[in-house]
Amino acid sequence: MIEIIKKEYHRRIIEEGFHRIEKCVSFLSEDEIWYRPNKNSNSVGNLIMHLSGNVRQYVVSGIGEQPDNRERDKEFDIDNRKAKNVIIGELRKVVVKSNGVIDKLTAAQLTEDRKVQGFDESVLSIIIHVIEHFSYHVGQITYFTKARKDIDTGYYAGLDLNKT
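In this text the structure is predicted, and so the values were computed from the model without any measurement.

## Re a nonpolar patch on the surface
Then, in step 1: Residues Tyr156, Leu159 and Leu161 make up a contiguous nonpolar surface patch of about 330 Å² in total accessible area.
Then, in step 2: In this structure, Tyr156 sits in the segment after α6 (123-149).

## Concerning the nonpolar core
Then, in step 1: Ile21, Ile48, Leu91, Ile127 and Phe134 are the most contacted members of the largest nonpolar core, which totals 41 residues.
Then, in step 2: For this core, the secondary structure elements donating two or more residues are α1 (2-27), α3 (44-63), α5 (84-103) and α6.
Then, in step 3: Examining the composition of this core, we find that ten residues originate from one element, α3, more than from any other.

## A few points about α5
Then, in step 1: Across its 20 residues, α5 extends 28 Å between first and last C-alpha, which sits within 8% of the 28 Å expected from 1.5 Å per residue.
Then, in step 2: Every buried residue belonging to α5 is among Ile87, Ile88, Gly89, Leu91, Val94, Val95, Ser98, Asn99, Val101 and Ile102, and all of these are buried.
Then, in step 3: Buried residues along α5 sit in contact with α1, α2 (30-33), α3 and α6.

## Quick word on the packing of α1 against α5
Then, in step 1: Where α1 contacts α5, the two axes come as close as 10 Å, and the packing angle between them is 175 degrees. Judged by the angle between their axes, α1 and α5 are roughly antiparallel. Counted together, Lys6, Tyr9, His10, Ile13, Ile14, Phe18, Ile21, Glu22, Val25 and Ser26 of α1 and Lys84, Ile88, Leu91, Arg92, Val95, Val96, Ser98, Asn99, Ile102 and Asp103 of α5 form the full contact between these two elements.
Then, in step 2: Per-class residue counts for the contact of α1 with α5 are eleven nonpolar, four polar and five charged.

## Some points on the pattern of salt bridges
It is possible for side chains bearing opposite charge to pair when their charged atoms get close.
Then, in step 1: The full count for this structure, using the stated rule, is 14 salt bridges.
Then, in step 2: Here Arg11 makes a salt bridge to Glu16, at a shortest N to O gap of 3.6 Å.
Then, in step 3: By relative accessible area, Arg11 is classed as partly exposed at 29%.
Then, in step 4: The partner of Glu16 in a salt bridge is Arg12, with the nearest N and O atoms 3.3 Å apart. Taken together, the positions of Glu16 and Arg12, both in helix α1 and four residues apart, correspond to about one turn of that helix.
Then, in step 5: Looking at Arg12, the relative accessible area reads 33%, which means it is partly exposed.
Then, in step 6: Residues joined in a network through salt bridges with shared partners are Glu8, Arg11, Arg12 and Glu16.

Each value, and the rule that gives it
Residues numbered from 1 in each chain as written. Predicted model: local features only at pLDDT ≥ 70, side-chain atom pairs only at ≥ 80, totals over all residues. Heavy atoms only, no water. Patch = residues over 30% accessible without salt bridge, like charges linked within 9 Å, V, L, I, M, F, W, Y side chains within 5 Å. Areas by Shrake-Rupley, 256 points an atom, 1.4 Å probe, with all protein chains shown as cover. Salt bridge = Lys/Arg side-chain N within 4 Å of Asp/Glu carboxyl O. Helix = DSSP H or I, 4+ residues; strand = E, 2+ residues; numbered from the N terminus. Core = buried A, V, L, I, M, F, W, Y, C linked by side-chain atoms within 4.5 Å. Buried < 20%, exposed > 50% of the residue type's maximum accessible area, 1.4 Å probe, protein only. Expected span 1.5 Å × (residues − 1). Contact = heavy atoms within 4.5 Å. Axes fitted to C-alpha atoms, helices over the stretch in contact; angles between N-to-C directions. Parallel < 35°, antiparallel > 145°, perpendicular 65-115°, else oblique. Nonpolar A, V, L, I, M, F, W, Y, C, P; charged D, E, K, R; others polar.

Everything listed here is a matter of geometry and, on its own, says nothing about what the molecule does.
Next up, the structure:
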């Protein structure tokens with residue numbers, strides 16, 4: 001079972017999620033990644049920084065027991081702009097590092113408790129949270145990109161999704 005969890009983490013976070021974000025960002029200009037339609041919405045850039053912070057805090061720190069130095073509010077600060085290649089590079093580093101943490105897990109560790117962001121969670125619940133949370137924001141980034149650019153992102157190009 002642990003090997004399936006490791007494989008799925010890699011597939012959902014890196015092969016699907018990260019690569020979809022990277023693809024969306026390639027379609028967007030520097031200004032577009034920081035666009036916010038209103039004060040209650042987040043820009044693509046802020047969402048990417050938020051995902052870096054979340055994965056680092058939950059997996060690298062929470063499961064991997066590295067120091068937690070997350071400053072969550074800065075992830076949403078519209079004035080905390082960085083170049084898109086910088087934030088994509090930061091996200092790439094953290095998802096690769098998190099994958100390394102997951103790869104080292106044993107089956108027995110899945111039921112161990114960790115304190116993350118003030119919550120007591122099992123290692124397995126942290127993994128589920130991170131995959132779900134990452135996917136949620138990938139969807140937001142994809143929606144923004146499609147709406148802004150009127151494009152098909154091609155995530156499923158060449159696949160017959162009507163097969164049963």
